[in-house]
Amino acid sequence: MVAALAGLAIAGPAHARCEDWVPQPKPQNAGRDIVGKDLDEIIDRGWIEFAAYEDFAPWSFEDEGEPRGIDIEIGRLIAAELGVEPRFRLVGAGENLDADLRNYVWKGAVVGGRVSNVMLHVPYDSAYACRIEQVVFTGQYAAEEVAIAYRQDAYPDDPPVPAYFRFDTVAVENDSISDFYLGSFAGGQLSQGVRRYPTSEAAMEALGMGETMAAMGPLAQLEYGVRDGVAIHRPPLPGFAVSKWTVGVSVHMAYRALGYAVDDAIRAGLEDGRIGAIFEEWGVSHLAPER
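Definitions and limits used
Residues numbered from 1 in each chain as written. Predicted model: local features only at pLDDT ≥ 70, side-chain atom pairs only at ≥ 80, totals over all residues. Heavy atoms only, no water. Helix = DSSP H or I, 4+ residues; strand = E, 2+ residues; numbered from the N terminus. Buried < 20%, exposed > 50% of the residue type's maximum accessible area, 1.4 Å probe, protein only. Contact = heavy atoms within 4.5 Å. Areas by Shrake-Rupley, 256 points an atom, 1.4 Å probe, with all protein chains shown as cover. Pairing = 2+ DSSP bridges. Core = buried A, V, L, I, M, F, W, Y, C linked by side-chain atoms within 4.5 Å. Phe/Tyr/Trp six-rings, centres within 6.5 Å; stacked < 30°, edge-to-face > 60°. Lys NZ or Arg CZ within 6 Å of the ring centre and 35° of its normal. Salt bridge = Lys/Arg side-chain N within 4 Å of Asp/Glu carboxyl O.

Visitor: Explanation requested: the overall build of the protein chain in the structure shown.
Guide: When helices and strands are counted, the protein chain shows 11 helices and 11 strands. The buried share of the protein chain, reckoned over its 291 residues, is 51%. A separation of at least 24 residues holds for 74% of the contacts in the protein chain among residues at least 6 apart in sequence. In the form shown here, the protein chain has an accessible surface area of approximately 13400 Å², with 47% of it arising from carbon and sulfur atoms.

Visitor: Would you take a moment to explain the pairing of strand E6 (residues 135-151) for this structure?
Guide: Along any regular strand the residues' side chains alternate between the sheet's two faces. A large share of E6 lies buried, amounting to 17 of its 17 residues. Bridging between E6 and strand E11 (residues 244-252) involves eight bridges; their strand directions are antiparallel. Across the sheet, Val 136 pairs through a bridge with Val 251, a residue of E11. Summarising the sheet, E6 and strand E9 (residues 214-218) pair through five bridges and their orientation is antiparallel. Residue pairing across strands places Ala 147 opposite Gly 217, the latter belonging to E9. By the bridge criterion, four bridges tie E6 to strand E10 (residues 230-233) in an arrangement that is antiparallel. In the sheet register, Tyr 150 faces E10, and the bridge partner there is Ala 231.

Visitor: Honestly, the environment of Tyr 224 in this entry has me stumped. Any pointers?
Guide: With respect to the helices, strands and loops of the structure, Tyr 224 is situated in helix H9 (residues 219-224). For the pair Tyr 224 and Ser 285, spaced 61 residues apart in sequence, the C-alpha to C-alpha distance is 9.7 Å.

Visitor: It is not clear to me how the nonpolar core should be interpreted in this structure. Could you clarify?
Guide: Soluble globular proteins: nonpolar side chains tend toward being buried together. Grouped together as the largest cluster of nonpolar side chains are 71 residues, with contacts concentrated most on Ile 48, Ile 78, Leu 101, Tyr 141, Leu 182, Met 216 and Leu 258. When residues in this core are grouped by element, the largest group, eight residues, is from E6. Residues within four places of Leu 101 in sequence aside, it is in contact with Trp 106, Met 119, Val 122, Tyr 128, Ile 132, Val 135, Phe 137 and Ser 250. Core analysis: the second largest hydrophobic core is formed by 15 residues, Ala 143, Ala 149, Ala 171 and Ala 215 among them.

Visitor: Looking at this structure, I do not really get the side chain of His 233. What am I missing?
Guide: By the secondary structure assignment, His 233 is in strand E10. Among the residues examined, His 233 registers a relative accessible area of 18% and is labelled buried.

Visitor: Is there a simple way to explain the packing of aromatic side chains in this structure?
Guide: In this description, an aromatic ring pair is defined by two values, namely the gap between the centres and the angle between the planes. Summed over all chains, the structure comprises 11 aromatic pairs. A centroid spacing of 6.0 Å and a plane angle of 85° characterise the contact between Tyr 53 and Phe 56, whose relative ring orientation is edge-to-face. Look at Phe 56 and you get buried, because its relative accessible area is 5%. Counting every residue linked through ring pairs, the aromatic cluster contains Phe 61, Tyr 224 and Trp 282. Above the plane of the ring of Trp 47 lies Arg 45, whose end atom (NZ or CZ) is 3.6 Å from the centre.

Visitor: Please explain unusual backbone geometry as it appears in this structure.
Guide: The phi torsion of most residues other than glycine is negative, and most of the peptide bonds are trans. In this model, Ala 57 is joined to Pro 58 through a cis peptide bond whose omega is 5°. Position of Pro 58 relative to the elements: it lies in the loop between strand E1 (47-53) and strand E2 (61-63). Even without glycine at this site, Asp 175 takes up a positive phi of about 60°. Secondary-structure assignment places Asp 175 in the loop between strand E7 (170-173) and helix H7 (177-184).

Visitor: Would you explain the pattern of salt bridges in this entry?
Guide: Pairing of side chains with opposite charge becomes possible as their charged atoms draw close. The final tally for this structure, using the stated rule, is 11 salt bridges. Across the pair Asp 153 and Arg 151 runs a salt bridge, and its minimum N-O distance is 3.3 Å. The exposed category is assigned to Asp 153, whose relative accessible area is 57%. The partner of Arg 196 in a salt bridge is Asp 179, with the nearest N and O atoms 2.9 Å apart. You can see Arg 196 sitting in strand E8 (residues 194-197) and its partner Asp 179 sitting in helix H7, a full 17 residues away along the chain. It is possible to trace a salt-bridge network through shared partners that takes in Glu 81, Asp 272 and Arg 274.

Visitor: Explain the environment of Tyr 164 to me, please; I cannot follow it from the model alone.
Guide: Mapping Tyr 164 onto the fold places it in the loop between E6 and E7. The exposure class assigned to Tyr 164 is partly exposed, which follows from its relative accessible area of 26%. Separated by 50 residues in the primary sequence, Tyr 164 and Ala 214 have C-alpha atoms spaced 10.0 Å apart. Leave out the neighbours within four places in its chain, and Tyr 164 touches Tyr 155, Asp 158 and Pro 159.

The following block contains the structure:
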């Protein structure tokens, strides 16, 4: 999933919001079996389907055949507010966020082209939302940011900052935003210290076993994998275009009533503390979204 997010973290020229807006194709002629169901139909049939990323602990993953994770609990909270049963579809991340939204929200994949009612854990960016008109971005329930985990015996006095990795070793998820950032920082001078792993979870395991001195990645994934003797801090990250972002949901553009209902459910969960409690149960900091 972090590879799908990477495009949002690349610096570019500043523009007024929606200044470069170009009308996008809308799937108004697609069949009802492709575009999903509206709110009334969801209530009548008694269940709602959420798309969530697979192998994305602590957010969403399969454990003994059952979906688990923070995003899964968020989906259950939404379903409870709507008075319906939650169903989950764990999906693989595509090459970018555009592909994921196309495959799981507004059109469907070429093979088995079925979309879900709601997609969880969608990073929100206002300029990006202007460009992708086929979906509605709503229900922001958390913020996420890039942080650094480190072995306390390696850095007893001074937690590491990116410049340290010119000489020190740091674990990252392969092709993640942290990987891209460190690979380009200071003209690539940090590349020799970067150790790449298939997931953030594997990167944290490597750190815990002493294979590296530090690990860099999204805070929640670092916190989920922290072990004794490992600490986490959030230093300034010079040159990082988007080191912090908001996480929400997306729904098909034709079903705004569903989007409003989901947003209301998430707002209620934020206000009464249920969403914060979900994060606490998973041992992860709940960073307030910028709503």
